[in-house]
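Structure assessment
For reference, the chains in residue letters:
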Amino acid sequence: MPHRTPDHPAPRCLRPVPLTAAVAALALTAAGCAAEPDPGVFTIMNSATDEPYHTWDQEEMDRCGAEAGVRVQQLSVPADQLVPKALRMASSGSLPDVLIVDGSDLPQFAAAGGLVPLEELGLSTASLSDGALSFGGYDGVYYGAARSVNSLGLFYNTDILEEAGVEPPETWEELRRAAAALTEGDRYGLAISALATEDGVYQFLPWLWSNGGDERELGAPEAVEALTFVTSLIEAGYASRSAVNWTQADVNDQFIAGNAAMMVNGPWQMPVLREHPDVNWGVVEIPVPEAGATPVAPLGGETYTVPVNRERPERERTAAALVACLTTPEAQLDWAARVSNVPLDAGAVEGYREEVPELAPFADQVQTARSRTEYVGTEWNTYSQAIGTALQAALTGQASPESALSQAQAQIDEEL
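A short tour of the structure in this document, coming up. (Residues numbered from 1 in each chain as written. Predicted model: local features only at pLDDT ≥ 70, side-chain atom pairs only at ≥ 80, totals over all residues. Heavy atoms only, no water.)

One pass over the full model with this rule turns up one disulfide. The disulfide that involves Cys64 links it to Cys325, with 2.1 Å between the sulfurs. On the S-S bond that ties Cys64 to Cys325, the torsion sits near -80°, and the link is left-handed. Note that Cys64 is positioned in helix H1 (residues 53-68) and Cys325 in helix H11 (residues 313-326), a separation of 261 residues in sequence. Residue classification places Cys64 among the buried residues on the basis of a relative accessible area of 1%. (Disulfide = S-S within 2.5 Å. Helix = DSSP H or I, 4+ residues; strand = E, 2+ residues; numbered from the N terminus. Buried < 20%, exposed > 50% of the residue type's maximum accessible area, 1.4 Å probe, protein only.)

As structure tokens, then:
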């Protein structure tokens with residue numbers, strides 16, 4: 001993209017903009033005067049603190065900075081500190097030029113008026129799927145471009161399934177029968193995460209959504225059927241009761257150790273799986289309630305956003321050029337292959353199937369996946385906590401699936 005030289009106006013203090021009660025705590029307006037930025041240096045804030053990801057990120061930022069005619073500085077902070085730090089920076093008017101946040105965190109920034117709609121800055125959404133738009137959007141407006149995303153699939157040990165004469169399951173009933181046939185001795189047929197935290201909730205969503213359920217109606221029959229199905233696998237002994245304590249990393253460890261013949265997990269586990277060449281595995285999309293149904297899983301990953309810079313709109317446009325460069329189809333394919341994620345661009349997806357055939361099913365999965373915040377926006381954490389509590393109650397036998405979800409719905413209604 002052509003380079004636009006940022007203006008260098010005299011610094012001025014911005015007047016705080018009133019926010020709704022739901023997002024007032026974000027303080028996404030400048031409370032004072034920010035230091036005058038160097039017109040030739042742009043900052044990108046992310047959570048890429050680990051190597052080699054930090055170095056890989058800087059290489060890409062240097063490339064895109066060169067195209068835009070600016071120098072890019074990477075500001076990396078631990079993932080759990082990124083949002084709090086960004087909010088503190090916002091309160092002093094010192095947000096970076098590009099802010100990379102998890103898709104589930106985007107709504108709180110967008111709702112507070114802290115992000116610029118990317119289409120206003122020239123980024124097209126023509127090639128994006130509905131899921132991609134929901135992942136980077138809030139209230140119907142597109143704020144965040146993705147370089148790669150992830151979702152969930154069903155991994156299986158090919159040797160164990162072949163020995164048992166079991167085909168990778170495609171439906172719930174096939175999964176139940178396969179898990180039963182593969183459960184033997186200390187080995188479970190299936191490993192899942194059912195923590196009350198985001199790990200467990202993320203893994204429950206494919207069962208809920210693929211069954212036509214909705215987090216806004218947890219007492220509906222579709223939701224109860226989904227939780228009943230998951231609970232039945234635990235009660236039958238086809239999946240371990242320890243699932244209520246397992247993270248997704250723990251699930252992967254169980255699979256690698258041979259303690260589970262199948263597992264629900266994401267493409268990010270491939271680097272660890274590759275460290276164990278003796279474990280032969282494959283992956284398919286998440287099984288659906290009935291043959292021919294569409295699997296709907298959650299989209300995970302990061303969004304590349306441009307914070308509002310009312311005093312320097314030229315910097316917003318240059319920042320958008322950096323976002324566009326970092327998320328081109330070519331950049332998506334390269335990055336997804338490096339980090340075991342999946343590109344969103346339709347053209348990049350085709351190249352991904354060839355470059356990373358082991359994870360090709362995820363390329364299909366993400367086409368029908370959606371954002372966790374698509375329907376509930378900034379209230380997702382409230383829904384997530386309620387779902388996590390219901391999972392624990394049902395899977396530990398403290399409540400029936402119907403009762404657990406009714407209580408979860410009541411909890412949501414009370415808090416909202």
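What follows picks up the thread again.
It is possible for side chains bearing opposite charge to pair when their charged atoms get close. What the rule picks out here adds up to 16 salt bridges. A salt bridge links Arg63 to Glu67; the shortest N-O distance between them is 3.6 Å. Of this pair, Arg63 and Glu67 are both found in helix H1, four residues apart, which corresponds to roughly one turn of the helix. The exposure class of Arg63 is partly exposed, given its relative accessible area of 33%. What makes Glu67 partly exposed here is its relative accessible area of 42%. Here Arg353 makes a salt bridge to Asp364, at a shortest N to O gap of 2.8 Å. Placement of the pair is Arg353 in helix H13 (residues 346-355) and Asp364 in helix H14 (residues 360-368), with a sequence separation of eleven residues. (Salt bridge = Lys/Arg side-chain N within 4 Å of Asp/Glu carboxyl O.)

Of all the residues in H13, the buried ones are Ala348, Val349, Gly351 and Tyr352. The buried residues of H13 occupy an angular sector of 165° when projected down its axis, which confines them to one face. Along H13, the residues that are exposed and aim more than 90 degrees away from the buried face are Gly347 and Glu354. Residues of H13 that are buried make contact with helix H12 (329-339) and H14. N-capping of H13 is provided by Asp345, with a side-chain oxygen placed 2.9 Å from the backbone N of Gly347. (Arc of directions from axis to C-beta. Contact = heavy atoms within 4.5 Å. Polar contact = N/O pair within 3.5 Å; in protein donor to acceptor, adjacent residues only side chain to side chain.)

Here we have five strands laid out as an open sheet, ordered S2-S1-S3-S11-S6, and mixed in their pairing. If you trace the sheet from one side to the other, it starts and ends with strand S2 (71-76) and strand S6 (149-150), each paired once. The pairing of strand S1 (residues 41-46) with strand S3 (residues 98-102) spans two bridges and is parallel. Directly across from Ile44, in S3, lies its bridge partner Val98. (Pairing = 2+ DSSP bridges.)

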